[in-house]
Structures are given as structure tokens and as C-alpha cells.
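Topology and contacts: notes
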Amino acid sequence: MKVLIKNAQDLDWALNFHPRRPWPKPLPIVVGRNDLVVAGFDRPRDQVAVSILQIDEEPMALLNQLYDTNELAPLERLRFMKLSGAPIELNLEPWSLEFQNYLDNRNLGLRVLQPLDHLIDWKESLENTLMKLRLSASQCREAIDILADLKFLGRDRTSWQDLNTENPESWIRSLRQLRFPKTANQDQQRQQKLDSLPWPRGVQAKWDRQGDQGVLVLQSRIGGPDELKKALSRLQDMSLDKEMWEKQ
Amino acid sequence: MTQFEELFVHPKSLNSEITKRVIEHTGLTPMITDRRPYSSLEGRLTGEEFSKSKKRLYLLPHEGHFFRKCPGTTGAACCNYFVLNLGVHCNMNCSYCYLQGYINSPVTQIYTNIDDAFAELTEMIRENPTAEFRVGTGETIDSLSLDHLTLYSIELISFFAKHRHLICEFKTKTDQVDHFIKTPHSGNVIVSWSVNPQKIVSEEEHGTATLDNRLSAARRCADHGFPVAFHIDPMIYFDEWRIHYEDLVDQICSRFKPNEVKWISVGALRYPPTMKHILRQRLTESKRVLTSELFLGTDGKLRYDHDLRNEMFKSVVKRFSDHSSEYPLLLCMETGASWQTTFEQTPRQIQGVKELFDPIVTTRPAL
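My aim in this report is to walk through the structure given alongside it, one point at a time. (Residues numbered from 1 in each chain as written. Chains lettered and ligands numbered in written order. Predicted model: local features only at pLDDT ≥ 70, side-chain atom pairs only at ≥ 80, totals over all residues. Heavy atoms only, no water.)

Notes on the pattern of salt bridges
Residues and elements named next belong to chain B. Heads up, the rule is: Only one rule defines a salt bridge in this text: a Lys or Arg side-chain nitrogen within 4 Å of an Asp or Glu carboxyl oxygen. Only protein chains enter the accessibility calculation, which uses a 1.4 Å probe; a residue whose area is less than 20% of its type maximum is buried, one above 50% is exposed, and one in between is partly exposed. A helix here means a DSSP run of H or I that spans at least four residues, while a strand means a run of E at least two residues long, and both kinds are numbered starting from the N terminus.
Throughout the structure, instances matching the rule amount to 39 salt bridges over all chains. Between Arg56 and Glu49 there is a salt bridge, and its shortest N-O distance comes to 3.4 Å. Residue classification places Arg56 among the buried residues on the basis of a relative accessible area of 6%. Judged by its relative accessible area of 15%, Glu49 falls in the buried class. Ionic pairing is found between Asp223 and Arg219, a salt bridge with its closest N-O pair at 2.8 Å. Taken together, the residues span about one helical turn, with Asp223 and Arg219 both in helix α7 (residues 211-223) at a distance of four residues. Accessibility expressed as a relative area gives 54% for Asp223, which makes it exposed.

In C-alpha cells form, the structure reads like this:
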């Protein structure tokens, strides 16, 4: 083991494993047998003089010592496994490292990411939109699943590309409307019906989709027992007939 | 139906009658192995491997219990169904098949030791002499699609003829009944068909018998005194669903009187979200099962909107009652709310259905 100064261009970067976290700046690039780099992949590769720690060992053995696969994020682990020639469950090639890290930062499992294999045609728009929106993990999971469904529904990229991306919530809502147009339309009609009803003052009525069921959610601020009594009595006067719950 | 291309036989199954018949029928040279073939592929199969697993047959003795309670689904009314698995996998190819999300074996398996299953059942009966078990053989394998190789139907009919208080159900999408219909029976083996309108059969149930052939086979069974049953399950939504399902009901009613039908269960398309990946990989021309508007139900399965399901169920129930109110209908894997909406009653309030839902007390905690 020795510390040397070398020209970065003389090193062999072929392993090209990009861990999610950058190699700490104060540490030298780690190089195994045959000048193969095993740590410090994020360093500039055109520098004339770089500090390296050369260890006379098989590079794969060194990599295994440096990175614990149990601690790697899902796509990071795939990149690592790919180096050893192990079969991997997802085609990583099309996706940029930045996007892979974006997904890994949300700790999305491979099952959730499998639909990406069907979205390669939409790579650019998908990466840009998702990264711009800074979705939460669950929003990301839902978006990838819906987008794959839209692909199988034969929808064009333009169908979702131009959706309002002001905030993640409204974007996901718009995506759902695209994916479930009939149900979204029926839910909307029910909301309109609710809006047309004379709800007691202070009561808010909302038609809410909860999984496979649409439900009426009533919200009211009650300040005391008398108010509660009044509100309940007024609600009882409401005629929420069967028609309300039946499809239009 | 899928033709087998590779045959594997466990050493303990080498001398079984089934092995001899399989070799004769398929003309395949068996590879003898006591290890599950292609075991390196075990786990979650890719779509391609799942398709290949239909072409590889492994004959082996089953170790462990054959007999267990139907797992049902969380929150659904339970109809006390027990399953007897005599193999795993199916040589037909329905787009919605739940086995796609369930099977992790790269081979189709047929168990060659049915005698052990009978011994287990006999012990169950001895321990629970009054329990009226309903036992189905079509949960992890179609009851009859490989029966020309196993001839298990004949052995099951003979076994159940000696235990008249029990009920056995063969559940199938084939029309292969002629090899057993002349077997003497006690009227407690029900032959049931999973049925759908011919449009769905053609587009989603690949390699199965046509609707007409299924109903004709059911008629032949009924003519030989076998009670028959139908499962209109999974109902699949499409633009003209109502006309097609009403026509299906008309076809059943035109061929079977209510007293010839033991039960008619109705259910709608459902599958776990994890199955979507393999559906996407194995997609055929029809994308209906994948692209329908399905939502996560309280049992964790993707289902149609609750109201749409109930509308579909009600339409079928109404059409049957237009013919006769005597057809014994029940919902499969549905919530109490769906029963209420469809029948305006819970299952235990409906005459003829109630008995199926009365809890069975058994001595075995494993059940």
C-alpha cells in the first residue's frame, strides 16, 4: 500500500461504480491492481496530478471491502452488482446517474421501479419532470406506476408532459385524472352534486376517493354541545337520498 | 392448451401410473431428479420464465399437508371452503390468472401421491366426523385440465362416494368430463365451471374451452347426475359488459334449471398490485386487465370501484331472478357491504347460501 501522485488519465476508470455519496474530498483516490480505480469515481478525470492510494489487491476484492452491499441504496446496489457481472433486475443504462440518485434518495425498492423498463421512450421528459417536481417517495411510486399504465393505454408523452407542474400534489391529481378518467369524472359529478346541496352553515362536504370506494367526508367545527346538537339536527334534515351515492 | 416440452420425474414417482401415462401421452423422455428443476430461477419469475414454466412438467410426491382452508381475502365474507392441492400451475393461459402473482416455481408440478391426500382426508374426517367440509381441487391448478394424465377425478369421485356428508368440487375452464362421467358417484361431487361471456373467453382466457363447450360439458355432467355449479368470476368490465353478461346468464338459464345448479358465485376482477409487473411483461393483445380502472381495496388487492362492482353484480343477480328466484347465487371474496348492496341481505340471511357461511369447527388448529 502506498500513496502516490499520478496523472488521472493514466488510471483505469473502467469499473466506473458511482456510489451515491461522493468519496470524501480529503481522501486520495483508491486504486487496486493494474491501476484500476475502486474509489473516487466522482473526481475529475482530466487532472495531471492526483493523489492516489495504491493497494496491490484484486480491484473487485477491494470494492467489496469498501462498500457493504447491505448499506447501499437499491439502484446503487444494482450498479455495484453489475460490476461483478451478476444479473440485475432492471435496465439501468438509459437512466442518468442524477436520476438514479434522485430515486435512491427516496429509497424506492426495485419492485416499485420495475415499471421504468417500460418508460425508456419517455426518458428525457420523465427524468426532467420528476426531478423538477421533487416528489415524495409515495408520490414518486404512484407517478411511475401511473405513467407505465398510461404507456400501456397507448397515451402519448404529450398527454402528461404539459400537465401543470407547479406543485406535486396537483400534478399527481392531474395524472390520476388521466389514468382513471371515468371514475374521476363520476367523482367530479358527485362533488358537483354535493356543492349544489344546502349544507348547514359551517359544514363542508367533500367527495373523497379512498381506494376502491368514493365516500362523503363531512367537516365541521363544533364549539360545544349545543352547536353539535344543532349541526346534527340540520344534517338530519338534509335529504341525501340513494341517488346521491349512485352513479350518474 | 400448452404442450409440455420437458418432463422431470422424482425418483419416488418413477413407478407411478401417472408417470407412465404422462410418458405415453407426451412422448417425452423423462429426466429423473429429486431436486426441483431450474431451482436457480426460483423466486419471483419473470414473465418469460412464467410462460416457460407452463411447458415444463415435474412429477413428484407432495410432502406436507394437501388439505387447507381457502385463504379467502381480508374483510370478505368467508364461505368455509377447503382446498386440496394436487398440483401447482395451469396449462391454460388466462390474462388475469392470479397464479402469475403467486407461483414462484419454474415448473408445473403434479403430485403423484394422491393416496397420501386421501389418508390425510380420512384422518380429518375421523377427527371431525360431523363437519361438512366442502373441498375444492381447483385452487392452484385447474381440476380437470391435466386430468387426462392423472385420472384423479375418478379416484376422488370414488373416495367421496364413501363420504356422503362431504362435498368435493372440481373447478375447471375445460370441457374434459367424458372420462369420468360414467363413474358411480353419490351426488356429492360438484363439477363447476368458471364462465365468462365468449368475448372475454376469446380475448382473455387463452387455451380454454369455449363458453358453449363448457356449458355443453356441464350439461353432460348434469345428465349423469352430477350437480353442477358456475363461477361468473372474474367479471370483467368493458363497454358492452351488461349485454354480454346478461346473455351469459340467459345461456346458463336456458340449459340448467335452478335445482340442477348447486351454486353460482359471482366475483369481479381483482389482483394484488405486485402482479402488475408480470402482467406488463406477459401482455397479450388485450390490455384490459392491466389498464382497467382499478383501485386498491381494503384487502390490498386492486379492484374496480365499489359502486361499479355492485352495479355489475346486481345486473347479473337481476337477470338470474328474471328467469327464476331459485338460482342459488353468492358473491365470491366480497365485503359485507357488497352483499348488502347486491342482495340487500348478508350471506347468512339468505336461504340456501346461509349454510355455506356457517363456521365449521374443526379440531385441527392448522385449518
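As for unusual backbone geometry
Of the consecutive residues Asp233 of chain B and Pro234 of chain B, the connecting peptide bond is found in the cis state with omega at 5 degrees. Following the sequence through the fold, Pro234 of chain B ends up in strand β13 (residues 228-235). We note that Asn34 of chain A has phi near 60 degrees; this positive angle belongs to a residue other than glycine. Its location among the elements puts Asn34 of chain A in the loop between β2 (29-31) and β3 (37-39).

Some remarks on the pairing of β13 of chain B
Residues in a regular strand project their side chains so that they alternate between the two faces of the sheet. Residue and element names in this part refer to chain B. To keep it simple, the criterion reads: When DSSP locates at least two bridges between a pair of strands, those strands are taken to pair.
The element β13 is extensively covered by neighbouring structure, given that eight of its eight residues are classed as buried. By the bridge criterion, four bridges tie strand β11 (residues 189-194) to β13 in an arrangement that is parallel. Directly across from Ser192, in β13, lies its bridge partner Ala229. Relative to strand β14 (residues 261-268), β13 runs parallel, the two being bridged by five bridges.

Considerations on the pairing of strand β10 (residues 167-172) of chain B
Residue and element names in this part refer to chain B. Strand direction decides the pairing type here: strand β9 (residues 134-136) and β10, joined by three bridges, are parallel. Paired with Val135 across the strands is Cys168, a residue of β10. Where β10 meets β11, five bridges bridge the pair, whose relative direction is parallel. Looking at the pairing, Glu169 lines up with Ile190 of β11.

Section: the interface of chain B and chain A
The figure often quoted for interface size is the accessible area lost as the parts come together. Note the threshold: What makes two residues a contact is simply this: any of their non-hydrogen atoms within 4.5 Å. Each residue gets one of three labels, nonpolar for Ala, Val, Leu, Ile, Met, Phe, Trp, Tyr, Cys and Pro, charged for Asp, Glu, Lys and Arg, and polar for the others, Gly among them.
Contact with chain B, which involves 26 residues of that partner, is made by 22 residues of chain A. Inspection of the region where chain B meets chain A yields eight salt bridges. In this structure, Asp239 of chain B and Lys182 of chain A form a salt bridge, with 3.6 Å as the shortest nitrogen-oxygen distance. Residue assignment for the side of chain B that touches chain A shows that the elements contributing at least two residues are α9 (276-281), α10 (288-291), β16 (295-296) and α11 (306-323) of chain B. A per-element tally of the side of chain B that touches chain A places α11 of chain B first, with five residues. Of the residues contributing to the side of chain B that touches chain A, the split by class is eight nonpolar, seven polar and 11 charged.

Some remarks on the sheet that holds strand β5 (residues 81-84) of chain B
Residue and element names in this part refer to chain B. Stated formally: Think of each axis as a best-fit line through the C-alpha atoms, taken over the contacting stretch in the case of a helix, with angles from 0 to 180 degrees between the N-to-C directions.
Spatially, eight strands are ordered β4-β5-β9-β10-β11-β13-β14-β18 in an open sheet, and the strand pairing comes out mixed. Strands at the two margins of the open sheet, each flanked by one partner only, are β4 (67-69) and β18 (329-331). Recorded for the sheet is a direction-independent mean angle of 25 degrees between the axes of neighbouring strands. Of the strands in this sheet, β11 and β13 are in contact with α7, which crosses β11 at around 170 degrees.

Notes on a nonpolar patch on the surface
Residue and element names in this part refer to chain A. We count it as follows: Each patch is assembled from residues with relative accessible area greater than 30% and no salt bridge, linking like charges that lie within 9 Å and nonpolar side chains (Val, Leu, Ile, Met, Phe, Trp, Tyr) that lie within 5 Å. Here, Shrake-Rupley sampling with a 1.4 Å probe gives the accessible areas, and only protein chains in the shown set may cover a residue.
Residues Ile222, Leu228 and Leu232 make up a contiguous nonpolar surface patch of about 250 Å² in total accessible area. With respect to the secondary-structure elements, Ile222 resides in the loop between β6 (213-220) and α10 (225-237). For Ile222, a relative accessible area of 39% puts it in the partly exposed group.

A closer look at helix α5 (residues 123-133) of chain A
All names here are of chain A. Those residues of α5 not exposed but buried are Ser125, Leu126, Glu127, Thr129, Leu130, Met131 and Leu133. Packed against the buried residues of α5 are α3 (97-105), α6 (137-152), α7 (158-161) and α8 (168-179). Two residues or fewer past α5, Arg134 is found with a positive phi of approximately 50 degrees.

Description of the side chain of His89 of chain B
All names here are of chain B. Relative to the helices and strands, His89 is located in the loop between β6 (87-88) and β7 (93-94). With a relative accessible area of 0%, His89 lands in the buried category. Contact partners of His89, with chain neighbours within four places excluded, come to Phe50, Ser53, Lys54, Leu99, Ile103, Val107, Thr108, Thr140, Ile141 and Asp142.

Side note on the packing of aromatic side chains
How we decide: Stacked, tilted and edge-to-face are the three classes applied to pairs of Phe, Tyr and Trp rings, where Trp contributes its six-membered ring and a pair requires centres within 6.5 Å; stacked means planes under 30 degrees apart, edge-to-face means over 60, and tilted covers the rest. Any Lys NZ or Arg CZ found within 6 Å of a ring centre and within 35 degrees of that ring's normal is scored as a charge over the ring.
Tallied over the entire structure, the rule returns 22 aromatic pairs over all chains. An angle of 75 degrees between the planes, with centres 6.4 Å apart, marks the rings of Phe17 of chain A and Phe41 of chain A as edge-to-face. Placement of the pair is Phe17 of chain A in the loop between β1 (2-6) and β2 and Phe41 of chain A in the loop between β3 and β4 (50-54), with a sequence separation of 24 residues. Judged on exposure class, the residue Phe17 of chain A and its partner Phe41 of chain A are both buried. On the numbers, 4.6 Å between centres and 15 degrees between planes, the contact of Phe118 of chain B with Phe159 of chain B is stacked. Of this pair, Phe118 of chain B sits in helix α3 (residues 114-127) while Phe159 of chain B sits in helix α5 (residues 152-161); the two residues are 41 residues apart in sequence, bridging distant segments of the chain. As far as burial versus exposure is concerned, Phe118 of chain B and Phe159 of chain B are alike and both buried. Here the basic side chain of Lys151 of chain A rests over the ring of Trp122 of chain A, its NZ or CZ set 5.3 Å away from the ring centre.

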